[in-house]
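# Reading the structure
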Amino acid sequence: MAGALDGIRVLDLTVYQQGPHGAAMLADLGADVIKIEPPDTGDLGRVNGDAYFNYLNRGKRGIALDLKNEAGKEVFLRLADTADIFHNNLRPGVIDRLGLTYPVLSARNPRIIVNNATGWGHLGPDAEAQLGSFDGLAQARGGLQSVNVTLEAPQHGVPVPLADQVGGMISAYGMLAALYEREKSGMGQEVNSSLFGSQISLQGFGITNAMWTGKNPVPRGKKSSPRTGVYDTADGPIQLQGGAPDRWWPEFCQIMGFPDRAEGVYSKNALDAAWCEETYDIVAKVFLTATRDEWMARLSPKFHLAPVRNYLEVAKDPQAWANGYLVEVKAKDGTMKPTVGPPVHMSRTPTSVRSFAPDKGEHTDEILLESGFSEAEVVDFRARGAFGTEVAGAAAAGA
Amino acid sequence: MAMALEGVRILDLSVFQQGTHASAMLADLGADVIKIESYDTPDPGRASGGDPAPNGIRPYFAILNRNKRGIALDLKNPVGRETFLKLIETADIFHSNMRMGVLERMNLTYDVVKERNPRIIFSQATGWGHLGPDAEAHLGSVDGLAQARGGLLSINGTKESGPHNVPLSLADQVGGMISAFGMMAALWEREKSGVGQEVNTSLYGSQIALQNFNITGAMWNQKNPELRGKDEARPHWGTYVCADGGLLMVAGTTPDRWWKEFCEALGAPECGEGTYSKNQVDTAWCVQTRARLGQSFATKTRDEWMSILSPTFLVQPVRKYLEIAEDPQAWANGYLTKIAWGEGELPIVGLPVHMSRTPGSVRSLAPEVGQHTEEVLLEAGWSWEEIAAMREAGAFGRG
C-alpha cells in the first residue's frame, strides 16, 4: 500500500538529531527523503552509535555532495528543482554562506518549501549572532531543566535528547502544514522551527501559568502526594496515578489493608504535608509485600497503575508490538533487527520503517539518473569534484 | 493573510490534554476547531491544572482549547446525535481521545461516520493504542502511567533519588504533537485520493517514539541505561552552580577540541591536561574535575560566566519559567506572544512554527461550554426555530 507522502521528495541537509528526526518522520509516511552529506566528514552524527544514526536516518536514501564545490552546488540546485521540500538544521548564517536560501531556491522552484530547524529561532538577537545550540542547552534555557526536579533529585536535564526529538516532531508538523497549504495556493514558503520554540511549546500550559500567576512551579517530593507517585514493590517500582482521589481512595485503602487512612476527605487531608508523608510511608510498606505483576493483577484496571518499565521491559510488551510501536526491520546484512516503529497508525496509507540509514553517498548515481541527469553528466560532475574526491577515487577504482 | 489550514473543519470530542492539545495545534494554523461538550458533561479539564490565575482564568483549559469554538451537544440524546452526524457531513476531521470502547458504545465508530461522509478523517488519540490486549480490555491511561510504562520514568532521576517522572504532562503534550502530525498527513493524502481514513495514535506510542533510538539501542545492546549518581556526570555536559546561585548548563560535543581552552578560561588549566575522551572513562577523574570546575563557577555570577564563555563555548543559563518570560529571543520568534484581553493584553505561549506566507496565530482563549452553539448551527443551515426545538428536545444537554 502507498504511504501518505508517496511522491513527495525531501532534500535533507541535516546533521545530528533535530533535523534528521524531522525528515525521518516524513520518510515513515512514504516520502522520498534524500540525505545529503558532505563527502569528507559525512553527518557528524554517524559517530554517535549505530542505533542513533540508523534510527534517525531510517527510510532515507543517501547522496554525497560537496556544496562548497561549484559543481556540487550545481547538482544541488538541479535536485532542488525536482524537490518538494528542502529541510536543514544548520546554524543561522550557514545557508546564507552556501547561497542556498529560500529566495534563491524559490526563484528556481516556486513550489519548494524550505524548512530551517535551528537552535534558537531564525529571528531575534541570537539568530543575528548566529548562536549555536544543542539539546541540553535548549532544555536549560527553555525551562525544562528547572522543572525536572524533586525534593530528592537535583535539577537535571531529561537524560534523553528530548529537545531534539520534540524539535524534530514540530518541524515535521510545520512541513506537513506547508505541504497541505501548497495544494491550495500552488506556492511554497519558508517554515522555521527551533529547539527553543519547541521546548516552550512543550510547556505551553506551565509557562503561561507562570506568566499569569507570577509564580514558578515549586518542586514536590516523593511523599508529597500518596495518591500519585512511584512506589517500590517486591521486585521493582510501580507508578500509582490518581485523578479524582475522593472517589477511589476509600476503596483503595480498604483493599490495601489500611482502612483508617480513608478517614476524612482525601482532597482535604492532602493539604496537610505531615498527613501525606505519613500516608506515603504506610502505602509504601504495603506495596513492598508483593511483586509489580501481582499488584497489577490485584489493582488494575480498577485503580490507575502502571509498572515503571526499563527499556528492555518495554521491548517485551505485547501491547507495543501489537500497535507497531516496536517493529523488525531488515538490516543490510539481511537479518531482521528490532527497532521503534512510527507512532502513527493510518488505516489506508500505512506508515512504516522500510530500511535503516544509507551509507554516505550510497544512492548518488541512482538518484541523479532518475532526476534527469545523463550518465555522461554524472561522470562529468564526479570529475569536477561534486561528490568529493574520496568518492571520485572509489568510483575510478570500481570502474 | 490566509492561514495554512483555513477552511479545514474539525469536530473535537476530546478532553483533558493529549486530545485537546492536538486539535489546538491545528487551530493555531487556522483550522475551524469546534469543541463539543454537553452542558451535563463538560470537559473535566475545565477544572484541572490548579486554581485560577489572578486574572480569573484557569490556564490549563484556556491554553489547551485556544482558538476553538464551542458547541453544546448531548450525543446520547437522539436529536443531539443527529445534529452531530449532520455536522460530520460538513467536517474534515473527527478527533477524539476517548478510552477504547467509548465510541463503540456511542455507536460513533469510523464505519458509522464515514457512511455520512467518506472524506472524513477519523483521529483517535488513545492511551495504549487501538490494537493489542489493552485495547481489547478498554484500559484507560493518563500521562504519568504512559511515562512509567513507556520507559521515560526509568531513566529520569539520579542513583540517589531513584526514578521520578518528568513533572509536567510530557506524555500528553508529545502525544498531542504526534496526533496533530497524523491528522495533517491524512489531510494532505486526502487531497490526492479524495477519501479519508482512520488515524490512530496514543500516549504510549508517542513515549516510545520520543525515545526511539535510545530504546532501539537498548534492544541491540541488550543493556538498559542506568541512573547516574548526582556527581558522576561527565564534566563537559551538565550544570554548574554560579556565585549567585544561578545554574549554568555546559553542553559541548567533541570536547577534545575545546576542553583545554575551556579549563583555561575557568582558571583551572590543570583540568585540561591530557585528552578529554581518554580522561572521561575514569569516573574518579570526572568527579574530581567536576568538583574543581565547580569551585571556579562559584566565584562569578551566572551572567558574568555567560559573557566570559559564550559564544566561544556552548553554555546557557538554566532558566525558570519567569526568566523565559523575559527572554527577548522568545518574543522575537513568537514563541511567546500576547493576545487581547478586556482592555489590555495577556501574555501567552505562541507557536513553535513560523510560516512565512501563511502564519499561524493564537487568536482567542478557550470557549465557554456551548458558547458558539447557535453561531455554528446557523452557519450550517439550521434556523432559529429549529435550534429552539433542538434545545427543547435536550440536544444540547440540560445542564
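None of the values given here were measured: they were computed from a predicted structure.

### Quick notes on the confidence of the model for chain B
One rule of thumb: low pLDDT means the predicted coordinates there are not for detailed reading. Model confidence for chain B is summarised by a mean pLDDT of 95, while 100% of its residues fall at 70 or above. If you check the scores for this complex, the pTM reads 0.94 and the ipTM reads 0.94.

### Here we look at the side chain of B:Gln18
Residues and elements named next belong to chain B. Here Gln 18 is to be found in helix 1 (residues 18-28). Among the polar contacts made by the side chain of Gln 18, one reaches the main-chain carbonyl oxygen of Ala 125 at a distance of 3.3 Å. A polar contact of 3.1 Å, which involves the side chain of Gln 18, links it to the backbone nitrogen of Leu 203. Look past the residues within four positions of Gln 18 in its chain and what remains in contact with it is Asn 97, Ala 125, Thr 126, Asp 172, Gly 175, Gly 176, Ser 202 and Leu 203.

### Description of the sheet that holds strand 6 (residues 190-194) of chain A
With mixed pairing, seven strands are arranged side by side in an open sheet as 3(A)-2(A)-1(A)-4(A)-5(A)-6(A)-14(B). Every interior strand has two partners, whereas the edge strands, strand 3 (60-64) of chain A together with strand 14 (353-355) of chain B, have only one. Direction aside, neighbouring strands of the sheet carry axes that sit 20° apart on average. As judged from the four bridges shared by strand 4 (residues 85-88) of chain A and strand 5 (residues 113-118) of chain A, these two strands associate in the parallel manner. The residue bridging A:Ile85 from the neighbouring strand is A:Ile113, located in strand 5 of chain A.

### Re the interface of chain A and chain B
Listed by partner, the interface residues are 133 residues for chain A and 132 residues for chain B. In total, about 11,700 Å² of surface goes out of reach between chain A and chain B, with carbon and sulfur atoms giving 69% of it. Three residues stand out in chain A for area buried against chain B, namely A:Tyr173, A:Trp212 and A:Tyr311, and they jointly supply 9% of the buried area on that side. Across the contact surface, chain A and chain B share six salt bridges. Between A:Lys184 and B:Glu191 there is a salt bridge whose closest N-O contact spans 3.4 Å. Here chain A and chain B share 64 residue pairs in polar contact (both at pLDDT 80 or more) between them. The element best represented in the side of chain A that touches chain B is helix 9 (residues 162-185) of chain A, accounting for 17 residues.

### With respect to the environment of B:Asp92
All names here are of chain B. Here Asp 92 is to be found in the loop between helix 3 (78-88) and strand 4 (93-96). For the pair formed by Asp 92 and Thr 373, sequence separation is 281 residues and the distance between their alpha carbons is 19 Å. Not counting residues up to four positions away in its chain, the partners in contact with Asp 92 are Gly 7, Val 8, Arg 9, Arg 119, Ile 120, Ile 121, Leu 187 and Arg 190. At 2.7 Å, the side chain of Asp 92 forms a polar contact with the backbone nitrogen of Arg 9.

### Concerning helix 15 (residues 292-299) of chain A
Residues and elements named next belong to chain A. All of the buried residues along helix 15 are Arg 292, Trp 295, Met 296 and Leu 299. The buried side chains of helix 15 occupy one side of the element, clustering within an arc of 100° when seen end-on. Structural note: helix 15 exposes Asp 293, Ala 297 and Arg 298 on the side pointing more than 90 degrees away from its buried face. Close packing links the buried residues of helix 15 with strand 7 (229-233), strand 8 (236-240), helix 12 (245-256), helix 14 (273-287), strand 9 (305-307) and helix 16 (311-314).

### What to know about the confidence of the model for chain A
Summary statistics for chain A give a mean pLDDT of 94 and a share of 97% for residues scoring 70 or more. Confidence over residues 391-399 of chain A falls short of pLDDT 50; this stretch has four contacts with residues more than four positions distant or in other chains.

### Re the domain arrangement of chain A
The domain architecture assigned to chain A consists of domain 1 (9-204 + 363-398) and domain 2 (229-310). Relative placement of domain 1 of chain A and domain 2 of chain A: their C-alpha centres are 47 Å apart.

### Overview of the pattern of salt bridges
The final tally for this structure, using the stated rule, is 48 salt bridges over all chains. Its salt-bridge partner being B:Arg116, residue B:Glu89 comes within 3.0 Å of it at the nearest N-O pair. Separated by 27 residues along the polypeptide, B:Glu89 in the loop between helix 3 and strand 4 and B:Arg116 in helix 5 (residues 110-116) bring together distant segments of the chain. Here B:Glu89 falls in the partly exposed class, since its relative accessible area comes to 43%. Salt-bridge contacts for B:Asp327 lead to B:Arg319; the nearest nitrogen and oxygen are separated by 2.7 Å. In this structure, B:Asp327 and B:Arg319 share a single accessibility class: buried. Through salt bridges with shared partners, a single network forms among A:Arg9, A:Asp32, A:Arg61, A:Glu366 and A:Glu370.

### Quick word on the domain arrangement of chain B
Domain boundaries assigned for chain B yield domain 1 (9-212 + 369-392) and domain 2 (230-323). The C-alpha centroid of domain 2 of chain B is placed 44 Å from the C-alpha centroid of domain 1 of chain B.

About the thresholds
- Residues numbered from 1 in each chain as written.
- Chains lettered and ligands numbered in written order.
- Predicted model: local features only at pLDDT ≥ 70, side-chain atom pairs only at ≥ 80, totals over all residues.
- Heavy atoms only, no water.
- pLDDT = per-residue confidence, 0-100.
- Helix = DSSP H or I, 4+ residues; strand = E, 2+ residues; numbered from the N terminus.
- Polar contact = N/O pair within 3.5 Å; in protein donor to acceptor, adjacent residues only side chain to side chain.
- Contact = heavy atoms within 4.5 Å.
- Pairing = 2+ DSSP bridges.
- Axes fitted to C-alpha atoms, helices over the stretch in contact; angles between N-to-C directions.
- Buried area = accessible area lost by both parts, 1.4 Å probe.
- Salt bridge = Lys/Arg side-chain N within 4 Å of Asp/Glu carboxyl O.
- Buried < 20%, exposed > 50% of the residue type's maximum accessible area, 1.4 Å probe, protein only.
- Arc of directions from axis to C-beta.
- Domains from an automatic or database assignment.

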